[in-house]
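Spelled out from the first residue to the last, the chains are:
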Amino acid sequence: MNTTSFALRHIGPSADEQKAMLNTIGVDSIEQLVSETIPKDIRLKEDLDLDVAMSEQEYLSHINKLSQLNKVYKSYIGLGYHPSNLPAVIQRNILENPGWYTAYTPYQAEIAQGRLEALLNFQTMVIDLTGMEIANASLLDESTAAAEAMSLLFSVRERAQKKAGVNKFFVSDLVLPQTIELLETRAYPIGIELVIGNEAEYNLSDEYFGALLQYPGKNGQITDIKSFIEKANAENIKVAVAADILSLIKLEAPGKFGADVVVGTTQRFGIPMGYGGPHAAYFATKEAYKREVPGRIIGVTKDTNGNRALRMALQTREQHIKRDKATSNICTAQVLLAVMAGMYAVYHGPKGLEFIADKVKNSASTLANALEQLGLEQTNSHYFDTLQIKADAVKTKYEAEKDEINFHYPDTNTVTISINETTTVSDLNDIISIFERVTESTTDKIDSVESSETIPDHLMRQTEFLTFDVFNSYHSETELMRYIKRLERKDLALNHSMISLGSCTMKLNAAAEMLPLSWPSWGNIHPFAPLDQPIGYKLVLNALENQLTEITGFSATSLQPNSGAQGEFAGLMVIKAYHESRGDHHRNICLIPSSAHGTNPASAVMAGMKVVVTKASEDGNIDVDDLREKAELHKENLSALMVTYPSTHGVYESAIKEITQIIHDNGGQVYMDGANMNAQVGLTNPGNIGADVCHLNLHKTFAIPHGGGGPGVGPICVAEQLVPFLPGNPIIKTGGHQSITAISAAPFGSALACIISYGYISMLGAKGLKKSTEVAILNANYIKERLEGHYNTLYTGENGRAAHEMIIDCRSFKANGIEVTDIAKRLMDYGFHSPTVSFPVAGTMMIEPTESESKAEMDRFCDAMISIKKEIDTVSKDEPNNVLKNAPHTMEMLTSDEWLLPYTRETAAFPLDYVKDNKFWPSVRRVDDAYGDRNLICSCAPIEAYAEA
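Now for a look at the structure at hand. All values derive from a computational prediction rather than experimental measurement. (Residues numbered from 1 in each chain as written. Predicted model: local features only at pLDDT ≥ 70, side-chain atom pairs only at ≥ 80, totals over all residues. Heavy atoms only, no water.)

## Quick look at the overall build of the protein chain
Secondary structure assignment for the protein chain yields 32 helices and 26 strands. Relative to the 2.2 N^0.38 estimate, which gives 30 Å for 949 residues, the radius of gyration of the protein chain is 28 Å and therefore close to what a compact globule would have. The principal-axis extent of the C-alpha atoms belonging to the protein chain is close to 85 × 70 × 65 Å. Buried positions account for 66% of the 949 residues belonging to the protein chain. In the protein chain, the proportion of contacts linking residues at least 24 apart, taken out of those at least 6 apart, comes to 76%. Looking at the protein chain as shown, the accessible area adds up to about 32,500 Å², and 46% of this sits on carbon and sulfur atoms. If the 84 positive side-chain charges of the protein chain are averaged to one point and the 118 negative ones to another, these points end up 3 Å apart. (Helix = DSSP H or I, 4+ residues; strand = E, 2+ residues; numbered from the N terminus. Rg over C-alpha atoms; globule rule 2.2 N^0.38 Å. Buried < 20%, exposed > 50% of the residue type's maximum accessible area, 1.4 Å probe, protein only. Contact = heavy atoms within 4.5 Å. Areas by Shrake-Rupley, 256 points an atom, 1.4 Å probe, with all protein chains shown as cover. Lys, Arg positive; Asp, Glu negative; His and termini not counted. Charge placed at Lys NZ, Arg CZ, Asp CG, Glu CD.)

If you want it as structure tokens, here you go:
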């Protein structure tokens, strides 16, 4: 065995196992299987042009050398990003722990109670600090959260406002520049008119439905948001506030002043800047708007025994169900980062957070006093952490960069300095030294930080926060370590067993890919640092763009979108800009197959397009005749087709080139959803198929871990004609010469996470990537054959083969009283997370093993599924008290003195011998979703509130 080959470590089945699997399938070679699976006319003629694969050690040496090229200056730039201290106990036990970063979105709540509790802590923290009634489990970044707030307020306009066409949204000129640009991106396609102005002087009228304030403002000034909100409310105008979360320790919660939505980022709570992300944004609002809240909400409910249990609440409001009626396409959260930020609050507690906030505020005021002694004017009358200094910006920048320090320079006569948690007395003296040289004068050194009040009395925080036990119990490292472990044990992640989720691609997230994320040389760089500083980042990001461009067969790539849903929106906005550049402003029809992801129609509507659904044929493929008819019917206005390939039904449709040609013949562009790119890499690609743009889920195909539902990265790759329109950024130049406005806050999105995919591609190389795709197809077809005779595969290709995933039909089991959900819950007793349930077809399961799983693990899964089928055969509708309906079975049940069930404890908990060696215990019984939605509790409410509900 070649111990230097990363491909051998990443790919699960050995060469001998692959031969045995091929024999089971009934083919002589992988090449035969692939040729029977993928249409010949879309196969690549040549291998990918990528660098030779590195070994793990070669890659780690390589990425370390690149990291040393980064100039990691002290950052006082602010603008929504600040250095912070990540407690080592959180770094080691969460960020670097596969028990946390390899978990999947908690759709199966019974085996995700630990993550759900951590997210409930996060929501509680946000609710307390913002003074709002409900919060979600995080969003992508602050600017996205602000844009979602605008969309929500537009959606909840009163009937009279909608009838009158009220569409103006006021934005304070103190809002962060990246947020203003993202608001422009999101406002334009849905008909919102942005009005940017001075919040102290602007007169609002009944032409406005909402407003957005920054608290404190981008320059550090704390404005009187209380008075503004009162005036706006008097005019029936709803107000969103983008608030710095650390400042809310000292500033009164916006909710107490009547704000309707409060958004921001939790990056300051122990998350590295990482050149822009990933970070967990927060979104809090009034309970009256709960049906309009984007993203995920964690709520409290009860299980079958009446015990407290957690799960994702109000899922009927999500875009997968509402489709083109959804107000947002956001289907994810930054879970791993939200867990870390929430745990930062748990570790420090209210008193610790107050100490940190006081240190920041007092350091800023101490520095202000010293600078004023140098004759400099500090123009912010009230501030928390950011000073606005009148000084020669050119000279200051020159002197500061000599000392490896970054400030922000809004104009030639202004310097802003944002103090942060990591700032020491020594750092303050270094800053003073710079201004001594600028002013050619001297002042006394700072010996200690002195307290002074910089916040106006009527805005000072009076409201208590984080009073629940969880925020007041785990302040020693020992206690927090044990608490984190206690939660981890409640979650089933990839470090326990295979998670065979169709459409989600839960593959290995190799340790060598993950290690650099903890290195300060990658983590401590501000996204708006001068471009001559992040040299290593520039090389990695450029290389990754080139790798993805080659893999997709396109001409260029943008890494800016920081989720798959955001990538969808970005791709459609690029298509929209292309049409408009040609004078085709009227092209607004988007064709979407009925089997498409729910985010597809939601994204199209957000991009200002009208969705026209095309039919599927009986065999699950796109109905080409129906597509052609609708493309020709709408040819004057056709903008795009959104298509997933292989299809969401797990089939390589042979008509794909005909389909893309039909769209082009009728003036449209083809957007390919990259959800199933794991079945294309090295064998075919979107460019070869005839697409014009695709997004890629780097958290699927390219090994960024799911992290329990985020982080994700969703870059877009485009054909030559779309390159000029790739997204820009208001501060750092990105994109094409006709770039659309920003899609996310940071110029390169979640840059830190991109290092993972760069490592994945660099260590696999062209041959390893191709082999991974081949084995993904092999593994799926092996499972298909093993389950043959027990479960029917719903759709296959023309030669009876599955792609990298397949759908098994469980609808006939209703005759025995068994629903597909019962199978999902019973699988927990066997130690497995369920495949994807009832998507894209109700009553089915979509199974995707990925290339990382070994034959032994797949055999255990197949044995479990076959055993469950035998259990189904023994039960009936008339006797619902059976092992499937009662699943999952908890340790509490098995150790109870009383056992009245009509089967043995061993059957319940240890149905096959392998389970005894590695038993995973679900921590609650089946949860009651309906009860939780009727009695919505989304924070760490006291037990009395739960009992009353």
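Back to the write-up after that little detour.
## Re the pattern of salt bridges
Inspection of the entire model under this criterion finds 45 salt bridges. The partner of Asp625 in a salt bridge is Arg628, with the nearest N and O atoms 3.4 Å apart. With Asp625 and Arg628 both in helix H22 (residues 624-633), this residue pair falls three residues apart, about one helical turn. The network of salt bridges with shared partners includes Glu399, Lys402, Asp403 and Arg437. (Salt bridge = Lys/Arg side-chain N within 4 Å of Asp/Glu carboxyl O.)

## Some words on helix H2 (residues 15-25)
For H2, the set of buried residues is Gln18, Met21, Leu22 and Ile25. Buried residues of H2, seen end-on, are gathered within an arc of 100 degrees and therefore sit on one face of the element. Turned more than 90 degrees from where H2 packs its buried face, Asp16, Lys19 and Asn23 sit exposed. In the core, the buried residues of H2 are packed alongside helix H3 (30-37), helix H25 (751-787) and helix H27 (855-873). Just downstream of H2, Gly26 is the residue with a positive phi angle, here 95 degrees. (Arc of directions from axis to C-beta.)

## Structural notes on the sheet that holds strand E26 (residues 844-847)
The four strands lie next to each other as E23-E24-E26-E25, forming an open sheet whose pairing is antiparallel. Bordering the open sheet on either side are strand E23 (792-793) and strand E25 (836-837), each of which pairs with just one other strand. Bridge count for strand E24 (residues 806-809) against E26 is four bridges, and the pairing is antiparallel. Each residue of the ladder has a partner; that of Ile807, found in E26, is Met846. Helix H26 (residues 820-829) contacts E25 and E26 of the sheet and is inclined by roughly 45 degrees relative to E26. (Pairing = 2+ DSSP bridges. Axes fitted to C-alpha atoms, helices over the stretch in contact; angles between N-to-C directions.)

## Details of unusual backbone geometry
Each neighbour pair has its own omega, and for Tyr215 with Pro216 the value is -10 degrees, a cis peptide bond. Residue position: Pro216 is located in the loop between strand E5 (208-215) and helix H11 (225-234). The omega angle of the peptide bond from Tyr645 to Pro646 is -10 degrees, so this bond is cis rather than trans. Relative to the elements of secondary structure, Pro646 occurs in the loop between strand E19 (638-644) and helix H23 (656-665). In the Ramachandran plot, Asn236 falls in the positive-phi region, its phi being about 60 degrees despite a non-glycine side chain. Relative to the elements of secondary structure, Asn236 occurs in the loop between H11 and strand E6 (238-243). Look at Glu404: it is not a glycine, yet its phi comes out positive at around 55 degrees. When you line up the elements, Glu404 lands in the loop between helix H14 (393-402) and strand E13 (405-406).

## Comments concerning the environment of Val346
If you trace the backbone, Val346 turns up in helix H13 (residues 335-373). Along the primary structure Val346 and Pro849 are separated by 503 residues, whereas in three dimensions their C-alpha atoms are 36 Å apart. Not counting the four nearest positions on each side in its chain, Val346 is found in contact with Asn121, Val470, Phe471, Tyr474, His475, Leu480 and Tyr483.

## Points about the packing of H13 against helix H16 (residues 477-488)
At a closest axis distance of 10 Å, the pairing of H13 and H16 adopts a crossing angle of 145 degrees. In the packing of H13 onto H16, the handedness of the crossing is right-handed. Mapping the contact onto sequence places Met343, Val346 and Tyr347 in H13 and Glu477, Leu480, Tyr483, Ile484 and Leu487 in H16. Taken together, the residues of the contact of H13 with H16 sort by class into seven nonpolar, no polar and one charged. (Left-handed = near helix turned anticlockwise from the far one by under 90°. Nonpolar A, V, L, I, M, F, W, Y, C, P; charged D, E, K, R; others polar.)

## A look at the packing of helix H5 (residues 88-95) against H16
Two numbers describe how H5 lies on H16: the axes approach to 10 Å, and their chain directions differ by 20 degrees. Classified by the angle between their axes, H5 and H16 sit roughly parallel to one another. Considering how the two elements wind past one another, H5 and H16 form a crossing that is right-handed. Counting all contacts with H5, which are made through Val89, Ile90, Asn93 and Ile94, the residues of H16 involved are Glu477, Leu480, Met481 and Ile484. Classifying every residue of the contact of H5 with H16 by side-chain character gives six nonpolar, one polar and one charged. (Parallel < 35°, antiparallel > 145°, perpendicular 65-115°, else oblique.)

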